Amino acid sequence: MELVVVAVPDCPNAPTLERRLAQALADIGAGPTASIPRRTVADTEQAARWQMRGSPTVLIDGIDPFADPAVPTGLACRMFRDEQGRLEGAPSVAALRRALEQALTDGSGPARWERFPVWSDALGRAGAGRLAPVAGGLRAVHQRVLRCFAETGHAPGMAELADSVRPYGASPEQVLAELHAADFLRLDAAGHILAAYPFSSVPTAHRVEIAGGPQVFAMCAIDALGIAAMLGRDVHVTSTDPLDGRPVTVEVTASGQARWTPATAVVFAGQLVTCDSCVPAPGSAAAAEVCCGYVNFFADPAGARTWADANPQVSGQVLGQQTALELGVATFGPLLIPRPHVSVY
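Below is a short write-up of the structure. (Residues numbered from 1 in each chain as written. Predicted model: local features only at pLDDT ≥ 70, side-chain atom pairs only at ≥ 80, totals over all residues. Heavy atoms only, no water.)

Focus: the overall build of the chain
Counting its regular elements, the chain contains ten helices and 18 strands. Burial analysis of the chain (345 residues in total) assigns 49% to the buried set. For the chain, the accessible surface area stands at approximately 14800 Å², while carbon and sulfur atoms represent 54% of it. (Helix = DSSP H or I, 4+ residues; strand = E, 2+ residues; numbered from the N terminus. Buried < 20%, exposed > 50% of the residue type's maximum accessible area, 1.4 Å probe, protein only. Areas by Shrake-Rupley, 256 points an atom, 1.4 Å probe, with all protein chains shown as cover.)

Written out as C-alpha cells, the structure is:
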C-alpha cells in the first residue's frame, strides 16, 4: 500500500495526521512502518497535480479517501469531522483505520498485490528502459517512428525512414529488425510496424487525443499516461473498464497534471504468467505479448481486484493514480530528447 501525506509548508496539522496514520496502521497490524513520505505543495498548480483539496491530505494508493468532489483543489487549511461531529485539522484514528481497511479490501495487502516490480518486468525492458541506443541508427529510427505516430497517427513506411538510416550505412529493414529484437517496437511477419510503444498501429482499448495533433491508440494504460510527457503536449485518454465496460477518461497535461474520471479510477498493471507464484524471466518475451493486454484502466480498485481474481493467469498490482502517472512519465518521458522538462512533484 502506498501512503503519502500532502501538505503546504509548515502545515500545523500535518504532524497530527502523520501520528494518527501511524496509529491506524499499527491498529490494523501494518506496523511498525517506515516513515510516511510527505509531499510539500507550494502553489495551486501543484495542489491540482496532487489532488490536494486542502492541507493536510492523505493519499492511499493515489486516492484521497476523504475527498469531496465538490470541493476544488487548493492550498486552504482542511478540516475533518470526527465521530462526534467536531471539526479537527486531521481525520480521526478511527476514520483513518476504516480508510486503510477499505483500501486493503479493494486490492492491496495479499502477496500478489505487493509493490509492482516495474524495474524487472517486460514493460520496462527489465530495467533497461525504452530509450533506444544511438549506435547503428537505432535511436534515430526509433524516434522518427515515434514522431510519425505523434504527427500523423500512423507508422511511417520504409521510404520515410530512409533519411534517418542513411548516415549509418544501414537499411530501414535492418534497423527495424534490431529494434524489434530488442522490443522497442513490434513488426508483423511482413516487416510492417505493428506498434512502437506507447503507440499501436491497430485499435486498442486506449484512445488518445493529442492536443493539436491526431488521435492515436496506446498499447496499454501506462503507455497512454506517458504520451503527454513524451510529446510535451496535453492529451485526453479514453478507455473502458474491462470488467463492466464503464468509461474511464484521463486528461493529462504537458506539465504533469491529470484529471481522472471517475475520481476512483485506478490502473491494474499485470503480466501473463503460468501460475500465481511465478513471473516471466526478464526480457524473455515482448511486452506486447505478456503485459500490454493486462495493463488497463479500471473504474475503481474493487473492480480491478475482481477482474484479477477471475484471471489467475495474470499476476500484477493495482496502481493508484499518482503511481500510474509517474510510471508513464518515467517510462516514456525520455524517449524524444530534447524535450520540454516535465516535473513529477
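Now, onward.
Focus: the packing of helix α4 (residues 138-152) against helix α6 (residues 172-181)
Here α4 crosses α6 at 85°, and the two axes come no closer than 10 Å. Judged by the inter-axis angle, α4 sits roughly perpendicular to α6. Contact with α4, carried on its side by L138, V141, H142 and V145, involves V175, L176, E178 and L179 of α6 and no other residues of that element. Taken together, the residues of the contact of α4 with α6 break down into six nonpolar, one polar and one charged. (Axes fitted to C-alpha atoms, helices over the stretch in contact; angles between N-to-C directions. Parallel < 35°, antiparallel > 145°, perpendicular 65-115°, else oblique. Contact = heavy atoms within 4.5 Å. Nonpolar A, V, L, I, M, F, W, Y, C, P; charged D, E, K, R; others polar.)

Here's the deal with the state of the cysteines
The final tally for this structure, using the stated rule, is zero disulfides. C11 takes part in no disulfide bond, and the closest cysteine sulfur, belonging to C77, lies 6.1 Å away. Residue C77 is classed as exposed on the basis of its relative accessible area, which comes to 56%. (Disulfide = S-S within 2.5 Å.)

As for the sheet that holds strand β4 (residues 57-60)
Two modes of strand pairing occur in sheets, parallel and antiparallel, and in both the strands are linked by backbone hydrogen bonds. Pairing is mixed in the open sheet, where three strands are placed in the order β2-β1-β4. Here the strands that pair on one side only, and so sit at the sheet edges, are β2 (38-40) and β4. With direction set aside, neighbouring strand axes in the sheet form an average angle of 25°. One ladder, built from four bridges, connects strand β1 (residues 3-7) with β4; its direction is antiparallel. The residue bridging V4 from the neighbouring strand is L59, located in β4. Contacting β1, β2 and β4, helix α1 (residues 14-27) runs over the sheet at an angle of about 165° to β1. (Pairing = 2+ DSSP bridges.)

Some remarks on the side chain of T57
Mapped onto the secondary structure, T57 falls in strand β4. What makes T57 buried here is its relative accessible area of 0%. Here the side chain of T57 touches G54 through a polar contact of 2.7 Å, landing on its backbone oxygen. Contact partners of T57, with chain neighbours within four places excluded, come to V4, V5, V6, L17, M52, D64 and R78. (Polar contact = N/O pair within 3.5 Å; in protein donor to acceptor, adjacent residues only side chain to side chain.)

So, the sheet that holds strand β18 (residues 314-319)
Overall, antiparallel pairing links the three strands, which are arranged β17-β16-β18 in an open sheet. The open sheet has two edge strands with one neighbour each: β17 (295-298) and β18. The mean inter-strand angle of the sheet, taken between neighbouring strand axes irrespective of direction, is 25°. Packing of helix α9 (residues 301-309) onto the sheet brings it into contact with β16 (266-272), β17 and β18, and relative to β16 it is tilted by some 15°.

Re the packing of aromatic side chains
Counted by the stated rule, this structure contains five aromatic pairs. On the numbers, 5.9 Å between centres and 80° between planes, the contact of F66 with F80 is edge-to-face. Highlighted residues: F66 in the loop between β4 and β5 (74-77) and F80 in strand β6 (residues 80-81), separated in sequence by 14 residues. On the basis of an interplanar angle of 65° and a centroid distance of 5.9 Å, the ring pair of W260 and F297 is categorised as edge-to-face. With a gap of 37 residues between them, W260 in strand β15 (residues 258-261) and F297 in strand β17 connect regions that are remote in the sequence. Here W260 falls in the buried class, since its relative accessible area comes to 9%. Classification of F297 as buried rests on a relative accessible area of 1%. Through a chain of ring-to-ring contacts, the aromatic side chains of F268, F298 and W307 assemble into a single cluster. Positioned above the aromatic ring of Y197 is the side chain of R130, whose terminal nitrogen or guanidinium carbon lies 4.1 Å from the ring centre. (Phe/Tyr/Trp six-rings, centres within 6.5 Å; stacked < 30°, edge-to-face > 60°. Lys NZ or Arg CZ within 6 Å of the ring centre and 35° of its normal.)

So, unusual backbone geometry
Residue S55 is joined to P56 through a cis peptide bond whose omega torsion reads 5°. With respect to the helices and strands, P56 occurs in the loop between β3 (53-55) and β4. A cis amide bond links T261 to the next residue, P262, at an omega of 0°. Structurally, the position occupied by P262 is in the loop between β15 and β16. The backbone of D10 shows a phi angle near 60°, a positive value even though the residue is not glycine. In this model, D183 sits at a positive phi of 65°, which is unusual for a non-glycine residue.

Focus on helix α10 (residues 321-332)
With twelve residues, α10 ought to run about 16 Å at 1.5 Å a step, and its terminal C-alpha atoms sit 17 Å apart, in line with that. The buried fraction of α10 is high, at ten of twelve residues. All of the buried residues in α10 are Q321, Q322, T323, A324, L325, L327, G328, V329, T331 and F332. Check the buried side of α10 and you find it contacts α2 (44-49), α7 (221-231), β14 (247-252), β15, β16 and β18. (Expected span 1.5 Å × (residues − 1).)

A word on the environment of C11
Within the fold, C11 resides in the loop between β1 and α1. Sequence separation between C11 and G89 is 78 residues; the distance between their C-alpha atoms is 9.9 Å. Residue contacts for C11: discarding those within four places in its chain leaves S55 and P56.

All quantities given are derived from atomic positions and should not be read as evidence of function.
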